[in-house]
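Single-letter residue listing:
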Amino acid sequence: MSAMRKRLYFMLPALAFAIVAIAFVWALNPERDPSYVPSAMVSKASPNFDLPPLEPIGLPGLSTADLSQGEVVLVNFFASWCLPCQAEHPHLTALAAQMDIPLYGINHKDKTEHATAWLQRLGNPYDKIGVDGGRALVDWGVYGLPETFVVDGDGQIRFHFRGPLDPKTVAEKFVPLIESLRQ
Amino acid sequence: MIAELGHFALILALIVALVQGILPMIGAARGYPGWMAMAKPAALFQLLFVTLSFAALTHAYVVSDFTLLNVVQNSHSAKPMLYKISGVWGNHEGSMLLWILILALFGSAVALFGNNLPATLKARVLGIQAWIAIGFLAFSLFTSNPFERIFPAPINGQDLNPLLQDPGLAFHPPMLYLGYVGFSMAFSFAIAALIEGRVDAAWARWVRPWTLLAWCFLTGGIALGSWWAYYELGWGGWWFWDPVENVSFMPWLLGTALLHSAIVVEKRNSLKVWTILLAILTFSLSLIGTFIVRSGLLTSVHAFATDPERGLFILLLLCLTIGGSLILFAWRAPALKAGGLFSPISRESGLIMNNLLLATACGTVFLGTLYPLFAEAISGEKLSVGPPFFNATFGPIMAPLIFLTAIGPFLSWKRADLKGVLQRLWLAGGLAIGAALLTHYLIVGGPVLAALGMGLAAWLFVATLTEWCGRIRLGRAPLSESWQRLKGLPRSAHGMTIAHSGLAIVLAGVVGASAWKQEAVENLKPGESIELAGYSYLFEGARPVTGPNYDAERGFFKVSKDGEAITDLSPERRIYRVQGMDTTEAAIHTTGLADLYAVIGQSDGQGGWTVRIFYEPLVPWLWLGSLVMILGGVVSLTDRRLRVGAPVRRRPARLSHGPGPGKGTKGTLPAKGSAGGGHRVGA
Amino acid sequence: MRRLGFFLLFLALAPAAWAVMPDERLDDPVLEARARALSADIRCLVCQNESIDSSNADLARELRILVRERLSQGDSDQEVLDFLVDKYGDFVLFDPPFKASTYALWIGPVILMLFGVGAAIFYIRRQARAFPATDGGTAFTQEEDLRVQEILNDLGPANLESSVTEGDRSGKPGPRP
């Protein structure tokens, strides 16, 4: 074994550590959320579901067919017991009004009276609301609330966002995307 | 006021550490005895200041000083005293301080007891220890100051996470840290040896007791953590391959390898480069573990509050310590001289196999733990690596290791007579096959792997005892002679026998607990009962009880077997008032062969309770085996050679050549500097 | 802030059920056993590092029930897993599938082992070549070992330090194997 090659072998541990260290530096990026799991549903067709309406509100329920009417729509999972849902409510309302886009809600595991009271108190931005006893959550690959999907006119899921909307996300992610999908 | 003194003491400790890190190193390089001698008082003062600082924080917890942010966030006046004290290290800032305290403790131990170390080596070891301390003191002072005040002070605190309010977890972190930080000694010795360009038997003899001590603590820390998970999390599991468990297990695996490779350096002056690398890597893994747990890089059931700034700081420390030492290794290690020679069948080769398998096991755990991170970095893909991966890869590596652990102690140094060794193992082999068949016969339909596992455990246990009996000639010589031999046998030999039997017991526990666990979940009304594994659990009802900082519902069970009362079990479901979090307190009755384990859940509001009963075979053996392993380590630590320390470095007096007249030591003289030590054994 | 938001959201979903509940169980013990085994390898997304079998989260309960429904409808284990992967991605699998992005994970340990074995063989053989095999280099028998031990004992522990070196051991002519 030549002296050079011997030296090289002795450098292996340091090189291996360098790789690990680079991975650590990358992982510490503050933009990275270790617990974030991207949705597997994006660029798939919206799932098969058929949800009953939230009776007291007087709006129709929600089903797969509603999502392929040739129009870009928003689908939002919410519940009255979910605090971040309340936080995003004004921004969601503003987004729907600004873009004049149909906003469909899926009310997950909620009591009818609680959901109704919540919508009456905060205002109802939804055009249709489906009531989900639990399974629609899995059908959509959702694991927390709130989560919001952008679905194109053919019923394809084009974008997904986990967590509460804020003005920055609305302006940077949703508005440009909806505009480009409409063209 | 006391808190400010604590803060000030911590700053003083940093200054003293700077002195300790600079002067003795220069002194050792230039040969100034006075500068080198500074290391000892500096190490002691560092311990003094860190102790004062730690005492100040503990005081704040004990008196519930809610002007300290750290106390507010982690304590509550109604918390029992034990958990007020354990709350000191139940959080990021306080546990960092404990880390530093233990580091200072080890440093002072070398300063006090290392009188027989050569002056330069001692100065360098303490200097390197000081640099580690400087890093962590700076980290503590600049990013994680535990003495930060809060104004206005709240009336009461936010309490400690209820899961941590438990006797097992109160002592788990100190044990774990004593292990982690203990490996810093081996690390400092390794770096000092690289600087000096010299590794010999004497060096190995200084390193081994420190490694052994750290290993004992780490074994205890891991076992305690596992025990806690077993009775506190309420589903009867004891090992989950969670990243937090894995990062404590990796240094244990490499530390175990280091223990064994240091024997080869000590006895045969061989494997030096590898041993140095192991010493560096073992401590590096301890640091990486600290980093992973505190930076929140990986998702785990248990992580400290995370902060990117802190993460960056520890990463910087990591790169300096690990990167720096590995570069030093690449630069200096090629110059280390190879030592004694040996044939392919020998104790040396056996220990190399041991190291190879342990290192591979450690590498596998490392890969599995960090792979999701690597995959995400490269492809953005999120994936999980869980128990199925570790079970599939770890078992096949450990099985041959344990198989060979039984044979290794029979091999003699340099060249072993394999045929003779195997002849002495027929009993162990026979009993192992017997145990496997018996297991298979007794538990019909059980997994075949479990039978093989029990056979392997029996193999290791019997072989270990055979080796020990052979050494004291039990049954072959009169009892009085055996007794004499027993007394004459070095403690490290007993230690090895004990530790290896402990491993066999743990293995049996792992196999039994994984293969034959039974579980029943029912909704029970008072008066109803569950039958499980031959035991009958009569539910007598539940009633509310009140603890100091929690409210609980306690269930009552009468356990019987064949109509005969065995025990009463009363598990609890607690709701901690401050954090509103509920915990389960399992009730466990151990029969020695199995645990009877009961947990109570929520009431269904109609007079019934969800009740969960586990039958946990051989789980007690896990804890027993761990204790036996630690005992083996402790016994070995009391070995005279280790206790007295190594002799001064010198050429050995060539006194005897063994019993025969032969003098033909052709080409196998011990390398220069070997300080001998004629025992054949090593643990 | 984003992390805090997520934290709140997890809290929102956290409490409720308590691992597998009696009402979830299937009557068919074989199917139930399959469901248990399957659930143990499916990762709960809300609680991050627990399987749906041991998690208390609401979502985990929903998934446990779903797994049982699909098994009862005659799905194979793989079909159930495929359904979940379709919805949530590979992240739900504790047992990562063998595919391009996990080759390094599954082959890594084998490569490590081979590399280690190679290095060990190289090292041991180099040693052995230099080791004098022809003369006197035989092992002690057990009897001889014990005899050495005896002599060492006679010397007394105090004399042991640096009195007999290991290197001398092979010097003694022993019986050839």
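I will try to describe carefully the structure that is included in this document. (Residues numbered from 1 in each chain as written. Chains lettered and ligands numbered in written order. Predicted model: local features only at pLDDT ≥ 70, side-chain atom pairs only at ≥ 80, totals over all residues.)

Here we take up the overall build of chain A. Along its length, chain A carries five helices and seven strands. Seen in sequence order, chain A has helices and strands lined up from the N terminus as α-β-β-β-α-β-α-β-α-β-β-α. Here the C-alpha radius of gyration of chain A, 22 Å, is well above what a compact globule of 183 residues would show, namely 16 Å. Overall size of chain A, expressed as C-alpha extent along the three principal axes, is 85 × 35 × 30 Å. The 183 residues of chain A split such that 37% are buried. (Helix = DSSP H or I, 4+ residues; strand = E, 2+ residues; numbered from the N terminus. Rg over C-alpha atoms; globule rule 2.2 N^0.38 Å. Buried ≥ 20, exposed ≤ 12 C-beta atoms within 10 Å, placed from the backbone.)

In this section: the overall build of chain C. In terms of helices and strands, chain C carries seven helices and zero strands. Counting helices and strands in the order they occur from the N terminus, chain C gives α-α-α-α-α-α-α. A buried classification covers 39% of the 177 residues belonging to chain C. Counted over contacts in chain C with a minimum sequence separation of 6, partners at least 24 positions apart contribute 57%. (Contact = placed C-beta atoms within 7 Å.)

All names here are of chain A. With mixed pairing, five strands are arranged side by side in an open sheet as S5-S4-S3-S6-S7. A single partner strand is all that each edge strand has here, and the edge strands are strand S5 (128–132) and strand S7 (157–162). With strand direction ignored, the average angle separating the axes of adjacent strands in the sheet is 20 degrees. Sheet topology note: the strand S3 (residues 73–78)/strand S6 (residues 147–151) ladder contains five bridges and is antiparallel. Bridge pairing in S6 links Leu74 to Val150. Relative to S7, helix H5 (residues 167–182) is tilted by about 170 degrees, and along the sheet it contacts S6 and S7. (Pairing = 2+ DSSP bridges. Axes fitted to C-alpha atoms, helices over the stretch in contact; angles between N-to-C directions.)

What follows deals with helix H10 (residues 243–268) of chain B. For H10 of chain B, built from 26 residues, the straight-helix expectation of 38 Å at 1.5 Å per residue is met to within 8% by its first-to-last C-alpha distance of 37 Å. With 25 of 26 residues buried, H10 of chain B is to be regarded as a mostly interior element. (Expected span 1.5 Å × (residues − 1).)

Once that is clear, we can look at the environment of Phe557 of chain B. Residue and element names in this part refer to chain B. If you trace the backbone, Phe557 turns up in strand S4 (residues 550–561). Placed 12 residues apart in sequence, Phe557 and Leu569 show a C-alpha to C-alpha distance of 5.0 Å. Here Phe557 is in contact with Tyr537, Leu538, Phe539, Glu540, Asp568, Leu569 and Ala598, once residues within four sequence places are set aside.

Turning next to the nonpolar core. All names here are of chain B. By size, the foremost hydrophobic cluster in this structure holds 285 residues, and its most contacted members are Ile100, Ala186, Phe189, Leu254, Ile276 and Ala279. With 21 residues, helix H9 (residues 201–232) is the single largest residue contributor to this core. When near neighbours in sequence (up to four residues on either side) are disregarded, Ile100 contacts Val50, Ala133, Phe136, Leu137 and Ser140. (Core = buried A, V, L, I, M, F, W, Y, C linked by C-beta atoms within 7 Å.)

Moving on: the environment of Met581 of chain B. Residues and elements named next belong to chain B. Inspection of the secondary structure puts Met581 in the loop between strand S6 (572–576) and strand S7 (582–585). Using a count of 16 C-beta atoms within 10 Å as the deciding quantity, one classes Met581 as partly exposed. When residues no more than four places from it in sequence are discounted, the contact partners of Met581 are Pro162 and Tyr576.

Residue and element names in this part refer to chain B. Taking 1.5 Å per residue as the helical rise, helix H17 (residues 448–472) with its 25 residues ought to reach 36 Å, and the 37 Å between its terminal C-alpha atoms agrees with that figure. Counting buried residues along H17, 18 of its 25 residues qualify, which places the element largely inside the surrounding structure. Arg473 sits one or two residues past H17 and shows a positive phi near 55 degrees.

Residue and element names in this part refer to chain B. Helix H20 (residues 619–637) packs onto H9 with a crossing angle of 165 degrees between their chain directions and a minimal axis gap of 9 Å. When the axes of H9 and H20 are compared, the pair comes out roughly antiparallel. When you trace H9 past H20, the crossing you get is left-handed. Across the interface between the two elements, Pro209, Leu212, Leu213, Trp215, Cys216, Thr219, Gly220, Ala223 and Trp227 of H9 pack against Trp623, Ser626, Met629, Ile630, Gly633, Val634, Ser636 and Leu637 of H20. Residue classes in the contact of H9 with H20 are distributed as 12 nonpolar, five polar and no charged. (Parallel < 35°, antiparallel > 145°, perpendicular 65-115°, else oblique. Left-handed = near helix turned anticlockwise from the far one by under 90°. Nonpolar A, V, L, I, M, F, W, Y, C, P; charged D, E, K, R; others polar.)

So, about the sheet that holds strand S9 (residues 594–603) of chain B. All names here are of chain B. Spatial strand order, S1-S10-S9-S8: four strands in an open sheet with antiparallel pairing. The open sheet has two free edges, formed respectively by strand S1 (518–524) and strand S8 (587–590), since each of these has just one partner strand. Direction aside, neighbouring strands of the sheet carry axes that sit 15 degrees apart on average. Pairing of S1 with strand S10 (residues 609–617), which is carried by seven bridges, proceeds in the antiparallel orientation. Looking across to S10, one finds that Val521 is bridged to Arg612.

Residue and element names in this part refer to chain A. Strand S4 (residues 103–108) sits mainly inside the fold: six of its six residues count as buried. Two strands pair when backbone bridges link them, and S4 and S5 are joined in this way by five bridges, in the parallel orientation. Pairing of Gly105 across the sheet is with Ile129, part of S5. In the classification by handedness, the crossover that spans S4, the intervening helix H3 (residues 112–122) and the parallel S5 is right-handed. (Right-handed = clockwise from strand over helix to strand, strands pointing away.)

Among all residues save glycine, negative phi is the norm, and among peptide bonds the norm is trans. Following Leu145 of chain A, the chain continues into Pro146 of chain A via a peptide bond in cis, with omega recorded as -5 degrees. Along the polypeptide, Pro146 of chain A turns up in the loop between helix H4 (135–139) and S6. The peptide bond linking Phe151 of chain B to Pro152 of chain B adopts the cis configuration, its omega dihedral lying at -5 degrees. With respect to the element layout, Pro152 of chain B can be found in the loop between helix H7 (119–143) and helix H8 (167–196). Positioned with a positive phi, Trp241 of chain B is a non-glycine residue whose angle comes to about 55 degrees. Exposure remark for Trp241 of chain B: the 20 C-beta atoms within 10 Å place this residue in the buried category.

It is worth spelling out the packing of helix H1 (residues 2–30) of chain B against helix H3 (residues 39–62) of chain B at this point. Residue and element names in this part refer to chain B. Taken N-terminus to C-terminus, the directions of H1 and H3 make an angle of 160 degrees; their axes are 8 Å apart at the nearest point. Judged by the inter-axis angle, H1 sits roughly antiparallel to H3. As H1 runs across H3, the sense of the crossing is left-handed. For the contact of H1 with H3, the residue count by class is 21 nonpolar, five polar and no charged.

Residues and elements named next belong to chain A. In this structure, S6 lies alongside S7, joined through five bridges in antiparallel fashion. Bridged to Phe149 within S7 is His160. Hairpin connection of S6 to S7: five residues between the antiparallel strands, including Gly155 at a positive phi of 85 degrees.

Worth remembering: the numbers are spatial, not functional.
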